[in-house]
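# Structural characterization, general
The chain contents come next:
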Amino acid sequence: MAKIHTDKAYEAELTALREQLLEMGGLVEAAIAASVRSVVERDATLAEQVKMRDRQINRMEVGIDQACRRILALRQPAASDLRFITTALKIVTDLERMGDLAVNIAERAVDLAQAPALRPHHDLVKLAELSQEQLKRALDAFVTGNADEAEAVLKGDDHLDALYLKIFNDLLGLMMEDPRSIRRATSVLFAAKHLERFGDHATNLAEMVIFMVKGTDVRHPRSRDEG
Amino acid sequence: MTSETAQTAPLRAKMEARRLEISYGPKVAVKEIDLALPEHQVTALIGPSGCGKSTFLRALNRMNDLIPGATFRGEVLLDGEDVVGGRLDVVELRRRVGMVFQKSNPFPKSIYENVAYGLKVAGQNDKALLLERVERSLQGAALWEEVKDRLHESAMGLSGGQQQRLCIARALAVEPEVLLMDEPASALDPIATAKIEDLIHELKARYTIAIVTHNMQQAARVSDRTAFFYMGELIETGPTEQIFTNPRETRTEDYVTGKFG
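A brief report on the enclosed structure follows.

Looking now at the overall build of chain A. Helices and strands together make up the secondary structure of chain A, namely six helices and zero strands. Its C-alpha atoms put chain A at 65 × 40 × 35 Å along the principal axes. Excluding contacts between residues fewer than 6 apart, the proportion of contacts in chain A whose partners are at least 24 apart in sequence is 80%.

Before going further, it helps to spend a moment on the interface of chain A and chain B. Taken residue by residue, the interface counts 14 residues in chain A and 12 residues in chain B. By residue number, the principal contributor to the side of chain A that touches chain B is helix 3 (residues 79-113) of chain A, which donates five residues. Residues belonging to the side of chain A that touches chain B are distributed by class as follows: five nonpolar, five polar and four charged.

Next up on the list: unusual backbone geometry. All names here are of chain B. Of note in the backbone geometry, R62 takes a positive phi value of approximately 55° without being a glycine. Inspection of the secondary structure assignment puts R62 in the loop between helix 1 (53-60) and strand 4 (70-78). In this model, E175 sits at a positive phi of 55°, which is unusual for a non-glycine residue. Note on placement: E175 falls in the loop between helix 6 (160-173) and strand 7 (178-182).

What follows deals with the sheet that holds strand 6 (residues 97-100) of chain B. Residue and element names in this part refer to chain B. Strand order across the open sheet formed by six strands is 6-7-8-3-9-10, with mixed pairing between neighbours. A strand with exactly one partner marks an edge of an open sheet, and here the two such strands are strand 6 and strand 10 (233-239). Here the average twist between neighbouring strands, direction ignored, is 20°. Both strand 3 (residues 42-46) and strand 9 (residues 225-230) contribute to a ladder of four bridges, which runs parallel. The residue of strand 9 that forms the bridge with L45 is A227. Seen against the sheet, helix 6 touches strand 6 and strand 7 and runs at an angle of roughly 170° to strand 6.

Counting along an α-helix, one turn takes 3.6 residues, and residues three or four places apart therefore face a common direction. All names here are of chain B. In terms of residue burial, helix 1 counts as a mostly covered element, since eight of its eight residues are buried. Taken together, the buried positions of helix 1 are K53, S54, T55, F56, L57, R58, A59 and L60. Backbone geometry just downstream of helix 1 places R62 in the positive-phi region, at approximately 55°.

What follows covers the nonpolar core. Grouped together as the largest cluster of nonpolar side chains are 138 residues, with contacts concentrated most on A:L127, A:A138 and A:V209. Setting aside residues up to four positions removed in sequence, A:V209 forms contacts with A:A138, A:A141, A:F142, A:A147 and A:A150.

Residue and element names in this part refer to chain B. Taken together, the eight bridges between strand 1 (residues 13-24) and strand 2 (residues 27-38) define a ladder with antiparallel strand orientation. Looking at the pairing, S23 lines up with V28 of strand 2. Hairpin remark: strand 1 followed by strand 2, antiparallel, with two residues in the connecting loop; positive phi at G25, about 60°.

Moving on: the environment of A:N58. Residue and element names in this part refer to chain A. Considering the arrangement of structural elements, one finds N58 in helix 2 (residues 44-75). By the C-beta count within 10 Å, which is 12 here, N58 ends up exposed. Each C-alpha atom, one on N58 and one on V92, is 9.7 Å from the other, the two residues being 34 residues apart in sequence.

All names here are of chain B. Among the five residues of strand 7, five are classified as buried, and the element is accordingly described as predominantly covered. Bridge analysis of strand 6 against strand 7 gives four bridges, and the strand direction is parallel. From the neighbouring strand, V100 faces strand 7, where its bridge partner is M181. Direction of pairing for strand 7 relative to strand 8 (residues 208-212): parallel, over a ladder of five bridges. Residue pairing in the sheet places M181 in a bridge with I211 of strand 8. Between strand 7 and its parallel partner strand 8, the chain crosses via helix 7 (residues 190-203), and the hand of that crossover is right-handed.

Residues and elements named next belong to chain A. In this model, helix 2 (32 residues) spans 47 Å end to end at C-alpha, consistent with the 46 Å of a helix rising 1.5 Å per residue. Considered for burial, the residues of helix 2 that qualify are A47, V50, D54, I57, M60, I64, A67, C68 and I71. Contacts from the buried residues of helix 2 go to helix 1 (8-40) and helix 3.

The next subject is the sheet that holds strand 4 of chain B. All names here are of chain B. Reading across from one edge, 2-1-4-5 is the order of the four strands in this open sheet, with antiparallel pairing throughout. Looking at which strands have only one partner, the edges of the open sheet turn out to be strand 2 and strand 5 (81-82). As paired elements, strand 4 and strand 5 share two bridges and run antiparallel to each other. When the bridges of strand 5 are listed, L77 appears paired with D82.

Residue and element names in this part refer to chain A. Relative to the helices and strands, A141 is located in helix 4 (residues 122-144). Once the C-alpha coordinates of A141 and S187 are considered, the two residues, 46 residues apart in sequence, prove to be 33 Å apart. Setting aside chain neighbours within four positions, we find A141 in contact with N146, E149, A150, V153, A206 and V209.

All names here are of chain A. For the pair helix 1 and helix 3, interaxial distance at closest approach is 9 Å and the crossing angle is 20°. It follows that helix 1 is roughly parallel to helix 3 by the angle criterion. Seen along the crossing, helix 1 lies across helix 3 with a hand that is left-handed.

What counts, and at which threshold
- Residues numbered from 1 in each chain as written.
- Chains lettered and ligands numbered in written order.
- Predicted model: local features only at pLDDT ≥ 70, side-chain atom pairs only at ≥ 80, totals over all residues.
- Helix = DSSP H or I, 4+ residues; strand = E, 2+ residues; numbered from the N terminus.
- Contact = placed C-beta atoms within 7 Å.
- Nonpolar A, V, L, I, M, F, W, Y, C, P; charged D, E, K, R; others polar.
- Pairing = 2+ DSSP bridges.
- Axes fitted to C-alpha atoms, helices over the stretch in contact; angles between N-to-C directions.
- Buried ≥ 20, exposed ≤ 12 C-beta atoms within 10 Å, placed from the backbone.
- Core = buried A, V, L, I, M, F, W, Y, C linked by C-beta atoms within 7 Å.
- Right-handed = clockwise from strand over helix to strand, strands pointing away.
- Expected span 1.5 Å × (residues − 1).
- Parallel < 35°, antiparallel > 145°, perpendicular 65-115°, else oblique.
- Left-handed = near helix turned anticlockwise from the far one by under 90°.

What follows is the structure in structure tokens.
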């Protein structure tokens, strides 16, 4: 039986902010899915759509930042509300960057669509699925206030990194075997790198969710000590 | 029994309440409280109306004695000494533990007479010494520059904010160790409030301060530690930053975020 703010207008503002963030998250999820599909299916038209739709993601970043500033100025949020607002300010940046990474992948798709197909992208598809799953779980953790789920996202990043490394090595091998593949293989490699970065941003999101829920900042554990 | 967080600041407790319970007749207003005021820190007491914070504050210099039917159990200590039944005379207690009220109450006398009053009542007659103390107190209250050329004008001609600072100067004149402030700025405009808050920040270097306020943002701005009272109980105490970023108790969280019952 969660209590709500006595001031219903304030409660509505916070709810609206939460919904905007989730909407933005949904757009980013759709963008990354579409961008990888455009690579795999050699679909330059779909790739162009991803680039166009990024504008809405960018607009949402601006709108959410403004909503956060407004709440800070007018409401002086405290405790959990303060943590929620500062989390929102940070994750909106990660989401916008994730949108940009989808655009970057779409640009690789345009490139690749103009050349003969490289070998099948099973691992790339798998990497994309993992990255998307990481984002989805981080957003779910955000909505439900579940720090354990957020912790799971942090742990899951290792799988992503391992798969990226495999793709990297495989593509390197391909390039050494057949120099005519270098240009295309490099494009695919970039796409894989973008997906790995996408996963990193999902872990940033998860770290902020842990902060929002528990009030402890778990970022950069290995940098904690001096020197 | 409600008690202070186990992670108490390692600072010396200038004043301390131990198992303090205060009643008005049969009604218990404040239930068994353990709370320390760390030396040279500002401790804010927050909570909704009727939660007992002002009652608690008044117990620290036995102002509740003046309320018919008010009784208490437990201890209040000043530098480790019991303020009741110890060697501490109640008048001496109120000199060492001064009070400033919500509605400033300057005497209908001159500015000079207001500040010198406590010293004169204590038997001080040396004019040079009195003037020196008056000046020092008015400086301590950040009021000297504004009134130095009109010390013999009536205090009633001062603005609300100036009157409040005059009352602070009056309290400072008798050289207290602790200042208790009960909503000192609630009747003042934002500029006067900012001046009082700035003054509190300067004063804590020399005094220990406890402030009751219903303005949470003021408590957040001005205090080092915050104690949250609710229905006569002390729910939580901690560093102000912690109370306002990550309080431990749900009731504290509900109060500071505005999710009242």
